[in-house]
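Listed here are the chains, written in short residue letters.
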Protein chains: 2
Amino acid sequence: MTQSLDLGAAHRVRLDARAGKLTGPTANLAPGHVQANLAILPADVANDFLRFCQRNPKPCPLLAVSEPGDPSLPALGKDIDVRSDIPRYRVWRDGHLVDEPTDVRALWRDDLVAFLIGCSFSFEEAMIDNGLPVRHIEQGCNVPMYRTSIATEPAGPFHGPLVVSMRPLKAADAIRAIQVTSRFPSVHGAPVHLGDPSLIGIRDIHQPDYGDAVEIRPGEIPVFWACGVTPQSVVAAVQPEFCITHAPGHMLVTDLLNSRMAVL
Amino acid sequence: MTQSLDLGAAHRVRLDARAGKLTGPTANLAPGHVQANLAILPADVANDFLRFCQRNPKPCPLLAVSEPGDPSLPALGKDIDVRSDIPRYRVWRDGHLVDEPTDVRALWRDDLVAFLIGCSFSFEEAMIDNGLPVRHIEQGCNVPMYRTSIATEPAGPFHGPLVVSMRPLKAADAIRAIQVTSRFPSVHGAPVHLGDPSLIGIRDIHQPDYGDAVEIRPGEIPVFWACGVTPQSVVAAVQPEFCITHAPGHMLVTDLLNSRMAVL
């Protein structure tokens, strides 16, 4: 995708979201740029959550953490205001979803900390650039995601099962996908499992817990990556008095380049 | 294994073989050093075989090719005489095994070319250094090897099926093994297949075509690497008028370090 890389495209997406002109999903916007999951938490649980992310880098690869009360994220891009630059948010009170606004400036508090977490869009772009099929993109649906029997490493009140996303691949493509995604540890990295879903506690591969089921063709192996839904489900279980996340698929588009996420 | 690395150990193994003091297998001798498969062919077929290796680098990773008639291999180590420095050889005439001597100096000809091909010992050492189990080593037997339905790229008279070796691993270990062995393209590199053996034409995983069957435990996946037996079986099929190989397990121990074979 780098052949048509537009270095200002990410900034324009954010400005469109800020102006209310963009309220839909961000998939395929500003190709080549890193998109990020969002969790905003009050300071009293933010330190525990930071420790949780540090202990669970595969599902929770932290791209940036804001200063308390500061909505800018200079590490992720020019002029970012995390309260307005995402097309749609989810607001949670005591674990309950209470609103899905396009702007959270009116809800901002001096004690809030924003966590920006890597997203599979980055490694999927690398897979596509390598000629590997990504089934849910081919089928135009959401990636299938599953709660597993693999426990995360707890920190303070945060604990819960690892959530994984699944992409079916032929064996040779699975091997290549492991090589390709191993280069991207800051956006979930290498798979955590492949083959028999029951070994990680998935009862029915055709009944994902989140997202949509996709076709698994003869000769294909399900390959499982740690998923950014893990921190969301862990935060939801803790039911903090207040929390803001992005609405699914409505990500922060950063100035970082996917290609620069590769460690090798 | 590098903690006890002895840089002169490989040379001493070769001198012991040359003196007839070592006539057995070379596994675990001179730890840390690259061991190599041998094929010696007359010049009239050597160029075709060289092209065959170039086209099939995963089963036939060439470490060195001698000058015609020259038994030294300066790229692989000090003072190597390929006619005497391997503990045991196999001599083939018109495709038939005629002798298993410990020295082939008396058979040397001015038109012979020696091909030294990378061996799985190198990547198995890296697997063990990473804490990954290698079942046939645990069980004290040979690695199981299988003819597959995957064709090699032909060159001149040389053609035939890819032969693979198999190591059973849990999924997470298989993913790590792919990462580890991808670093070693000159010694077979990443696996070529994993999972269902029938997809590459293997009818019964418990009946290898070469080597020994190994236990595959519940939750383990068979993982398949391109194997250095491929060139041997391809050469055997051509039935050249004259050919010398190493006896199985009796390798050339080189001065090269396994750790230096890693590309990353």
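Residues numbered from 1 in each chain as written. Chains lettered and ligands numbered in written order. Predicted model: local features only at pLDDT ≥ 70, side-chain atom pairs only at ≥ 80, totals over all residues. Heavy atoms only, no water.

Brief notes about the relation of the copies chain B and chain A
Working step 1: Superposing chain B onto chain A takes a rotation of 179 degrees plus a shift of 0.0 Å along the axis, which leaves an RMSD of 0.0 Å. Such a turn and shift between the copies fits a two-fold axis. No C-alpha of chain B approaches the rotation axis more nearly than that of Gln-179 of chain B, which lies at 3.2 Å. (Least-squares fit on C-alpha atoms with pLDDT ≥ 70 in both.)

Remarks on the pairing of strand S1 (residues 33–42) of chain A
Residue and element names in this part refer to chain A.
Working step 1: Counting buried residues in S1 gives 10 out of 10 residues, a clear majority hidden from the surface.
Working step 2: Two strands pair when backbone bridges link them, and S1 and strand S11 (residues 252–257) are joined in this way by 3 bridges, in the antiparallel orientation. Considered in S11, the bridge of Gln-35 is made with Val-253.
Working step 3: Pairing between S1 and strand S5 (residues 112–118): 7 bridges, direction antiparallel. Residue pairing for S5: Pro-42 is matched across the bridge by Leu-112. (Buried < 20%, exposed > 50% of the residue type's maximum accessible area, 1.4 Å probe, protein only. Helix = DSSP H or I, 4+ residues; strand = E, 2+ residues; numbered from the N terminus. Pairing = 2+ DSSP bridges.)

Quick word on the domain arrangement of chain A
All names here are of chain A.
Working step 1: Assigned domains within chain A: domain 1 (9–118 + 237–260) and domain 2 (121–231).
Working step 2: One C-alpha centre belongs to domain 1, the other to domain 2, and the line joining them spans 22 Å.
Working step 3: Summed over both partners, the interface of domain 1 with domain 2 buries about 2,000 Å², with 67% contributed by carbon and sulfur atoms.
Working step 4: If you look at where domain 1 meets domain 2, you find 0 salt bridges.
Working step 5: Put simply, domain 1 and domain 2 have 8 residue pairs in polar contact (both at pLDDT 80 or more) between them.
Working step 6: Counting residues per element, the ones that place at least two in the side of domain 1 that touches domain 2 are S1, helix H2 (43–55) and S5.
Working step 7: Ranked by residue count, the leading element in the side of domain 1 that touches domain 2 is H2, at 6 residues.
Working step 8: Partitioned by chemical class, the residues of the side of domain 1 that touches domain 2 number 14 nonpolar, 7 polar and 4 charged. (Domains from an automatic or database assignment. Buried area = accessible area lost by both parts, 1.4 Å probe. Salt bridge = Lys/Arg side-chain N within 4 Å of Asp/Glu carboxyl O. Polar contact = N/O pair within 3.5 Å; in protein donor to acceptor, adjacent residues only side chain to side chain. Nonpolar A, V, L, I, M, F, W, Y, C, P; charged D, E, K, R; others polar.)

A closer look at the interface of chain B and chain A
Many analyses report the size of an interface as the accessible area lost when the parts associate.
Working step 1: Contacts between the two partners involve 15 residues from chain B and, on the opposite side, 15 residues from chain A.
Working step 2: Where chain B abuts chain A, roughly 1,200 Å² becomes buried across the two surfaces, and 79% of that area is made up of carbon and sulfur atoms.
Working step 3: Of all residues in chain B, the largest losses of buried area upon contact with chain A belong to Ile-175, Ile-178 and Leu-194 of chain B, amounting jointly to 40% of the total for that side.
Working step 4: The tally of links between chain B and chain A comes to 2 residue pairs in polar contact (both at pLDDT 80 or more).
Working step 5: Sorting the residues of the side of chain B that touches chain A by element identifies helix H5 (171–182) and strand S8 (193–194) of chain B as the ones contributing at least two each.
Working step 6: Among the elements that make up the side of chain B that touches chain A, the one with the highest residue count is H5 of chain B (6 residues).
Working step 7: The residue inventory of the side of chain B that touches chain A, partitioned by class, reads 11 nonpolar, 4 polar and no charged. (Contact = heavy atoms within 4.5 Å.)

Focus on empty space enclosed by the protein
Residues and elements named next belong to chain B.
Working step 1: With the rule as written, the count across this model stands at 1 cavity of 30 Å³ or more.
Working step 2: In this structure, the largest cavity occupies an estimated 40 Å³ of space.
Working step 3: If you trace the largest cavity, you find it lined by Asn-37, Leu-38, Ala-39, Phe-49, Ile-117, Gly-228, Pro-231, Gln-232 and Val-235.
Working step 4: Counting only elements with at least two residues in the lining of the largest cavity, the list comes to strand S1 (33–42) and helix H6 (229–238). (1 Å grid on protein atoms, 1.4 Å probe; cavity = no way out; pocket = protein on both sides within 12 Å on 5 of 7 lines; lining within 4 Å. Points joined across faces, edges and corners; volume = space filled by probe spheres on them.)

Notes on the pattern of salt bridges
Working step 1: Applying the stated criterion to the full structure yields 34 salt bridges over all chains.
Working step 2: Here Glu-100 of chain B makes a salt bridge to Arg-90 of chain B, at a shortest N to O gap of 2.7 Å. Of this pair, Glu-100 of chain B sits in the loop between strand S4 (96–99) and strand S5 (112–118) while Arg-90 of chain B sits in strand S3 (residues 89–93), and the two are 10 residues apart along the sequence.
Working step 3: Glu-100 of chain B gets classed as partly exposed once you look at its relative accessible area, which sits at 30%.
Working step 4: A salt bridge links Arg-109 of chain B to Glu-241 of chain B, with the shortest nitrogen-to-oxygen separation between them at 2.9 Å. Of the two residues, Arg-109 of chain B is situated in the loop between S4 and S5 and Glu-241 of chain B in the loop between H6 and strand S10 (243–246); the sequence distance between them amounts to 132 residues.
Working step 5: Residues joined by salt bridges that share partners form a network here, namely Arg-135, Glu-138, Glu-215, Arg-217 and Glu-220 of chain A.

Considering the sheet that holds strand S9 (residues 220–226) of chain B
Residues and elements named next belong to chain B.
Working step 1: The strand order across the open sheet built from 4 strands is S6-S7-S9-S8, with neighbouring strands paired in antiparallel fashion. Both edges of this open sheet fall to strand S6 (145–151) and S8, since each of them pairs with a single strand only.
Working step 2: Where S6 lies against strand S7 (residues 161–170), 4 bridges are found, and the strand directions are antiparallel. Residue pairing for S7: Ala-151 is matched across the bridge by Pro-161.
Working step 3: Against the sheet, helix H3 (residues 121–129) contacts S7 and S9, and its axis sits at roughly 10 degrees relative to S7. (Axes fitted to C-alpha atoms, helices over the stretch in contact; angles between N-to-C directions.)

Looking at unusual backbone geometry
Working step 1: With phi around 90 degrees, His-188 of chain A is a residue other than glycine that occupies positive phi space.
Working step 2: Residue placement: His-188 of chain A occurs in the loop between helix H5 (171–182) and strand S8 (193–194).

Quick notes on the packing of aromatic side chains
Residue and element names in this part refer to chain A.
Working step 1: One pass over the full model with this rule turns up 12 aromatic pairs over all chains.
Working step 2: Measuring from centroid to centroid gives 5.2 Å for Phe-49 and Phe-158, while their planes differ by 65 degrees, and the two rings are edge-to-face. Note that Phe-49 is positioned in helix H2 and Phe-158 in the loop between strand S6 (145–151) and strand S7 (161–170), a separation of 109 residues in sequence.
Working step 3: For the ring pair Tyr-146 and Phe-224, a centre distance of 6.2 Å and an interplane angle of 75 degrees mean the geometry is edge-to-face. Remark: Phe-224 occurs in strand S9 (residues 220–226) and Tyr-146 occurs in strand S6; sequence separation between them is 78 residues. (Phe/Tyr/Trp six-rings, centres within 6.5 Å; stacked < 30°, edge-to-face > 60°.)

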